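As a plain string of letters, each chain reads:
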Amino acid sequence: MLPPELPPLPALTRAEGELVDRYLEVLDLLGRINPAHRGDTYGGLRAAQALVAKATALRDALALMHQRGEHELHAPTLTRALRVLDGERRAARVALPPGSPDS
């Protein structure tokens, strides 16, 4: 049995695709660094070291969009792309887990 087919990605410019990819890479690293989640310090350290390069790539993707005249982010389209690429689950790793203030 084949897994369910994912919805197609919306049409993105090359720069928008680069922005989405770099943003998700940064999210993944921030999720690995999040002290509210179980993990080891070495893994967090490695993720923090990689974050510098990925944040630079994210900045460069945004700068390229701006230089090309893409001055607005089309949030509905980019949101659809992020959802197709599992952005909600990946972003949830950055947030604090649910619980009481004393947890």
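Rules used in this analysis
- Residues numbered from 1 in each chain as written.
- Predicted model: local features only at pLDDT ≥ 70, side-chain atom pairs only at ≥ 80, totals over all residues.
- Heavy atoms only, no water.
- Axes fitted to C-alpha atoms, helices over the stretch in contact; angles between N-to-C directions.
- Helix = DSSP H or I, 4+ residues; strand = E, 2+ residues; numbered from the N terminus.
- Parallel < 35°, antiparallel > 145°, perpendicular 65-115°, else oblique.
- Left-handed = near helix turned anticlockwise from the far one by under 90°.
- Contact = heavy atoms within 4.5 Å.
- Nonpolar A, V, L, I, M, F, W, Y, C, P; charged D, E, K, R; others polar.
- Expected span 1.5 Å × (residues − 1).
- Bend = angle between axes of the 7 residues up to and from the residue.
- Buried < 20%, exposed > 50% of the residue type's maximum accessible area, 1.4 Å probe, protein only.
- Polar contact = N/O pair within 3.5 Å; in protein donor to acceptor, adjacent residues only side chain to side chain.
- Core = buried A, V, L, I, M, F, W, Y, C linked by side-chain atoms within 4.5 Å.

A.B. asks: Looking at this structure, I do not really get the packing of helix H1 (residues 14–33) against helix H3 (residues 75–84). What am I missing?
C.D. replies: When two helices pack together, their arrangement is given by the angle between the helix axes and the distance between those axes. Relative to each other, H1 and H3 sit at 50 degrees, their axes nearing to 11 Å. In this view, H1 runs oblique relative to H3, as classed from their interaxial angle. Note on packing geometry: the crossing formed by H1 with H3 is right-handed. Between H1, through Glu16, Leu19, Val20, Tyr23 and Leu24, and H3, the contact on the second element is made entirely by Leu78, Ala81 and Leu82. The class makeup of the residues in the contact of H1 with H3 is seven nonpolar, no polar and one charged.

A.B. asks: Any chance you could explain helix H2 (residues 41–67) here in plain terms?
C.D. replies: One turn of the α-helix equals 3.6 residues, which is why residues spaced by three or four share an orientation. For H2, with 27 residues, the first-to-last C-alpha span of 39 Å sits near the 39 Å given by 1.5 Å per residue. Taking the largest bend as the criterion, H2 deviates by roughly 30 degrees, centred on leucine 51. Of the residues making up H2, those classed as buried are Gly44, Ala47, Leu51, Leu58, Ala61 and Met65. At its buried positions, H2 is contacted by H1.

A.B. asks: What am I meant to see in the side chain of asparagine 34 here?
C.D. replies: Topologically, asparagine 34 is positioned in the loop between H1 and H2. For asparagine 34, a relative accessible area of 9% puts it in the buried group. In this structure the side chain of asparagine 34 is engaged in a polar contact, spanning 3.2 Å, whose partner is the backbone oxygen of alanine 95. Filtering out sequence-adjacent residues up to four positions away, asparagine 34 remains in contact with Arg93, Val94 and Ala95.

A.B. asks: Just checking my understanding: could you explain H1 for this structure?
C.D. replies: Helix length check: H1, at 20 residues, gives a terminal C-alpha distance of 29 Å against a target of 28 Å (1.5 Å per residue), a fit within 8%. Where H1 is concerned, the buried positions are Ala15, Glu16, Gly17, Leu19, Val20, Arg22, Leu24, Val26, Leu27, Leu29 and Gly31. Buried residues along H1 sit in contact with H2, H3 and helix H4 (87–92).

A.B. asks: How should I be thinking about the packing of H1 against H2 in this particular structure?
C.D. replies: Where H1 contacts H2, the axes come no closer than 8 Å and their chain directions differ by 160 degrees. When the axes of H1 and H2 are compared, the pair comes out roughly antiparallel. Read as a crossing pair, H1 and H2 show a hand that is left-handed. Residues of the contact of H1 with H2, tallied by class, amount to 17 nonpolar, two polar and seven charged.

A.B. asks: Got a minute to help me understand the nonpolar core in this structure?
C.D. replies: Soluble, globular proteins show a tendency: their nonpolar side chains are buried together. Among the nonpolar cores identified, the biggest contains 13 residues, and Leu19 and Val20 are the most heavily contacted of them. Taken together, the elements giving at least two residues each to this core come down to H1, H2 and H3. The dominant element in this core, judged by the number of residues it contributes, is H1, at seven residues. Setting aside residues up to four positions removed in sequence, valine 20 forms contacts with Leu78, Ala81, Leu82 and Leu85.

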